[in-house]
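What follows is each chain in one-letter form.
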Amino acid sequence: MVERMLQFVRLGQQTPDKRHAALRREDFQEIYAEFDPSRAAAQASRCSQCGVPFCQVHCPLNNNIPDWLKLTAEGRLEEAYEVASATNTFPEICGRICPQDRLCEGNCVIEKGYDSVTIGAVERFITDTAFERGWVRPAPPRIENGMSVGIIGAGPGGLAAAEQLRRFGYDVHVYDRYDRVGGLMIYGIPGFKLEKHIVLRRWKLLEQAGIVFHLGADVGGALAFAALRARHDAVLIATGVYKPRDIGGPGAGLAGIVPALDYLTASNRQGLGERVTDFVSGELDAAGRNVVVIGGGDTAMDCVRTAVRQGAASVKCLYRRDRANMPGSMREVKNAEEEGVEFVWLSAPEAFLGDATVAGVRAVRMRLGLPDATGRQAVEPIEGGHFTLAAELVIKALGFDPEDLPAAFGEPALTVTRWGTLKVDHHSFMTSLPGVFAAGDIVRGASLVVWAIRDGRDAAAAMHAWMRQNAAIAVAAE
Ligand code: FAD
Ligand code: SF4
Ligand code: SF4
């Protein structure tokens with residue numbers, strides 16, 4: 001092992017090749033190429049096989065990273081895939097879109113002065129290879145257990161739970177108001193981070209495992225929540241968070257000021273071959289326009305980079321804090337800058353200018369003040385620091401809150417936190433309603449795909465335990 005591993009001393013970090021920014025701007029394809037097998041093995045061999053692997057500790061799925069790196073370095077890819085997929089329902093997706101700089105790779109302690117192991121790229125390589133070679137197979141149960149589960153939401157949280165529960169032998173039904181499976185992985189995250197066929201091939205596998213999808217099923221709308229509860233032995237709510245935070249101020253109601261998810265969904269649907277009316281009419285198309293995106297998170301990064309690809313005249317990102325204090329991933333900021341996005345740091349919008357349609361944004365410079373109780377520095381406007389940006393399209397990417405689910409589902413007994421997320425018992429994942437569980441963003445608030453997968457898997461285990469116990473009680477009572 002020692003000869004094959006610990007190669008960081010002679011071998012530098014190499015990430016997969018990135019397409020040139022000029023080419024990237026022209027299409028929505030992923031920007032990173034796949035590792036070739038020899039480079040993947042070489043990069044995996046840089047791992048020093050730490051006794052206490054901090055990479056694993058900081059991976060939300062506690063993936064057994066040192067083991068699959070070693071197997072990759074030894075060319076034992078099928079075993080590497082077995083290990084990688086034992087803890088992760090969608091390793092090829094996490095390998096592409098986890099903010100590794102904040103999670104596994106950001107905590108790789110290879111040795112001071114050496115760059116981290118490229119964990120995400122190796123995880124993606126292992127699983128893409130497994131798909132190519134036919135090692136990824138549907139996982140139907142050996143025995144059907146006769147009980148059924150209803151899952152509301154086909155995002156990563158709902159899907160991870162569905163896959164696990166199907167393995168345990170349940171008749172699993174997933175309900176989603178969208179017409180495709182994947183949640184934000186299909187309609188939120190753009191193709192240049194995650195190509196859609198990657199998500200669609202997982203949908204197919206889940207169907208082949210016997211999971212039944214009910215699409216276009218709006219729970220709380222045409223399909224009553226109470227009816228769904230009556231159909232199944234247990235229900236999981238994994239509906240995510242979709243209510244966009246809004247912005248006020250003079251002119252905030254002008255045409256041409258749009259919510260980020262409307263904009264991204266239209267772009268993703270167009271990319272999937274649909275004809276989206278608001279896109280075709282130009283309302284949600286950045287082509288030829290000066291675009292200002294407001295916000296500093298990952299959604300804002302996706303909007304600016306989408307606008308570049310649509311052929312915007314200029315793209316600016318307005319954020320009230322500085323680069324060091326933004327929530328978005330540094331890797332994505334760098335990618336955006338390479339593609340021609342201009343970041344206007346320490347600036348906040350004050351008013352939107354224009355008659356019926358927006359023509360500009362009046363903004364004010366900000367400075368960072370003293371830290372608040374959470375340690376985060378407050379921001380305050382600089383007197384006289386006003387300036388104006390031309391903008392015929394303004395995209396609001398200020399984050400998301402949960403819908404009022406108790407009202408939407410007609411279930412006032414469904415308890416929520418003061419942020420509107422669902423309250424669950426953190427061991428059983430059960431909500432205030434017996435037999436109703438919840439996982440993913442609707443519990444955590446807007447988070448990450450990897451955390452939704454973790455929650456979905458944990459919720460499935462907790463639901464399985466609860467249903468077995470209930471079934472045993474029912475048998476004993478007979
Ligand atoms: P979702 O993915 O939101 O899925 C919820 C599903 O429930 C949806 O399909 C929805 O249609 C369905 N639903 C909702 N209400 C109902 C109802 N009443 N009836 C039926 N169905 C319903 N995370 C990363 O890790 N990396 C990234 O790069 C990244 N980029 C992002 C970019 C954008 C633009 C956004 C918005 C988010 C991004 N995230 C990213 C966050 C990540 O997508 C989410 O944290 C994750 O998808 C949450 O999973 P979920 O299953 O809880 O919910
Ligand atoms: Fe890193 Fe995400 Fe993979 Fe965990 S799941 S090893 S955090 S890329
Ligand atoms: Fe290998 Fe880095 Fe993880 Fe240590 S922290 S086991 S060097 S990947």
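Position numbers for residues start from 1 in each chain and track the written sequence from start to end. Whichever chain is written first becomes A and whichever ligand is written first becomes 1, with later ones labelled in order. With the structure being a predicted model, the display of local features is reserved for residues of pLDDT at least 70 and the display and counting of side-chain atom pairs for 80 or more, all residues being used for whole-chain, interface and lining totals. Neither water nor hydrogens contribute to the side-chain values; these are computed over all heavy atoms in the structure.

1. Side note on the overall build of the protein chain
Under the convention used in this document: Labels follow the DSSP assignment, with helices taken as runs of H or I lasting at least four residues and strands as runs of E lasting at least two, numbered in each case from the N terminus. Put simply, the radius of gyration uses C-alpha atoms, and a globule should come to 2.2 Å times the residue count raised to 0.38. Relative accessibility under 20% of the residue-type maximum defines a buried residue, over 50% an exposed one, and the middle range a partly exposed one, all with a 1.4 Å probe and only protein chains included. Note on definitions: a residue-residue contact is assigned when non-hydrogen atoms from the two residues lie within 4.5 Å.
Per the secondary structure count, the protein chain includes 18 helices and 15 strands. Its C-alpha radius of gyration of 23 Å places the protein chain within 12% of the 23 Å reference for a compact globule of 478 residues. The principal-axis extent of the C-alpha atoms belonging to the protein chain is close to 75 × 60 × 50 Å. A total of 478 residues make up the protein chain; the buried ones form 54% of that total. In the protein chain, of all internal contacts separated by at least 6 residues, the share reaching a separation of at least 24 is 70%.

2. Section: the layout of surface pockets
Short version of the rule: Grid spacing is 1 Å over the protein atoms alone, the probe is 1.4 Å, and a cavity is where that probe fits but cannot get out, while a pocket is an open set with protein on both sides within 12 Å along at least five of seven lines and lining residues have an atom within 4 Å of a point. Grid points are joined across faces, edges and corners, and a volume is the space filled by probe spheres set on the points. Domain ranges listed in this record stem from an automatic or a database domain assignment.
Approximately 440 Å³ is the volume found for the second largest pocket. Tyr81, Arg137, Ala139, Glu163 and Arg167 are the residues nearest the centre of the second largest pocket, which is lined by 21 residues in total. Those elements that place two or more of their residues in the lining of the second largest pocket are helix 5 (77-87), helix 8 (156-167) and helix 10 (196-208). The element best represented in the lining of the second largest pocket is helix 5, accounting for four residues. In terms of domain composition, the lining of the second largest pocket takes at least three residues from each of domain 1 (7-132) and domain 2 (148-241 + 402-477).

3. With respect to the packing of aromatic side chains
Geometry of an aromatic ring pair is reported as the spacing of the ring centres plus the angle between the planes. Where we set the bar: In summary, the pairing rule links any two rings of Phe, Tyr or Trp, Trp by its six-membered ring, whose centres are within 6.5 Å, and it sorts them by plane angle into stacked for under 30 degrees, edge-to-face for over 60 and tilted for everything else.
One pass over the structure, following the stated rule, counts six aromatic pairs. Judged by centre distance (6.2 Å) and plane angle (35 degrees), the rings of phenylalanine 28 and phenylalanine 192 are tilted. Note that phenylalanine 28 is positioned in the loop between helix 1 (21-24) and helix 2 (37-44) and phenylalanine 192 in the loop between helix 9 (184-187) and helix 10, a separation of 164 residues in sequence. Aromatic ring contacts, followed pair by pair, group Tyr178, Tyr187 and Tyr242 into a single cluster.

4. A few points about a nonpolar patch on the surface
Put simply, the rule is: Like-charged residues within 9 Å of one another, or nonpolar side chains (Val, Leu, Ile, Met, Phe, Trp, Tyr) within 5 Å, are grouped into patches, provided each residue has over 30% relative accessible area and no salt bridge. Per-residue and other accessible areas were derived by the Shrake-Rupley procedure at a 1.4 Å probe size, with only the shown protein chains allowed to occlude residues. The working definition used for a salt bridge is a side-chain nitrogen of Lys or Arg within 4 Å of a carboxyl oxygen of Asp or Glu.
Taken together, the side chains of Val52, Phe54, Val57 and Val109 present a nonpolar region at the surface, about 350 Å² in accessible area. Turning to its location among the elements, valine 57 is positioned in helix 3 (residues 54-57).

5. Side note on the packing of helix 8 against helix 18 (residues 449-477)
Heads up, the rule is: All axes here are fitted lines through C-alpha atoms, helices being fitted over the stretch that makes contact, and every angle between N-to-C directions spans 0 to 180 degrees. By definition in this entry, angles of less than 35 degrees are roughly parallel, angles greater than 145 are roughly antiparallel, angles of 65 to 115 are roughly perpendicular, and the rest are oblique. Left-handed describes a crossing whose near helix is turned anticlockwise from the far helix through less than a right angle; right-handed describes the clockwise counterpart. In this count, Pro and Cys sit with the nonpolar residues alongside Ala, Val, Leu, Ile, Met, Phe, Trp and Tyr, while Asp, Glu, Lys and Arg are called charged and the others, Gly among them, polar.
One can describe the packing of helix 8 onto helix 18 by two numbers: an axis separation of 7 Å at closest approach and a directional angle of 40 degrees. When the axes of helix 8 and helix 18 are compared, the pair comes out oblique. Judged by the twist between their axes, the crossing of helix 8 over helix 18 is right-handed. Listed contacts from helix 18 to Pro156, Gly157, Ala160, Ala161, Gln164 and Leu165 of helix 8 are Val449, Ala452, Ile453, Gly456, Arg457, Ala460, Met463, His464 and Met467. In terms of residue class, the contact of helix 8 with helix 18 is built from 10 nonpolar, four polar and one charged.

6. Brief notes about the pattern of salt bridges
Evaluated as defined, the whole model comprises 36 salt bridges. Among the salt bridges present, the one from lysine 18 reaches glutamate 338, with a minimum N-O distance of 3.1 Å. On the criterion of sequence distance, the pair formed by lysine 18 in the segment before helix 1 and glutamate 338 in helix 15 (residues 330-338) is long-range, its members being 320 residues apart. With relative accessibility at 34%, the residue glutamate 338 sits in the partly exposed group. It is possible to trace a salt-bridge network through shared partners that takes in Lys18, Arg24, Arg305, Arg309, Arg331, Glu332, Lys334, Glu338 and Glu339.

7. Things to note about the nonpolar core
For the record, the criterion: Grouping buried Ala, Val, Leu, Ile, Met, Phe, Trp, Tyr and Cys residues that are joined through side-chain atoms within 4.5 Å yields what is termed a nonpolar core.
Of all hydrophobic cores here, the largest spans 82 residues; its most connected members are Trp68, Ile151, Leu165 and Leu236. In terms of residue count, the dominant contributor to this core is helix 18 (eight residues). Lining this core are residues from two domains, each supplying at least three of them: domain 1 (7-132) and domain 2 (148-241 + 402-477). In terms of nonpolar packing, the next biggest core, distinct from the first, is built from 30 residues, Val293, Val304, Ala307 and Ile395 among them.

8. Section: the site of ligand 2
So the rule is basically this: Throughout this document, a residue counts as near a molecule or strand when at least one of its heavy atoms sits within 4 Å of that molecule or strand.
In the vicinity of ligand 2 lie 13 residues, with Cys59, Asn63, Cys98, Cys104 and Glu123 positioned nearest. Grouping the amino acids of the shell around ligand 2 by side-chain chemistry returns nine nonpolar, three polar and one charged.

9. Let's talk about the site of ligand 3
Within the structure, ligand 3 sits among Cys47, Ser48, Cys50, Pro53, Cys55, Pro66, Leu69, Cys108, Val109, Ile110, Val117 and Ile119. Within the shell around ligand 3, the residues separate by chemical class into 11 nonpolar, one polar and no charged.

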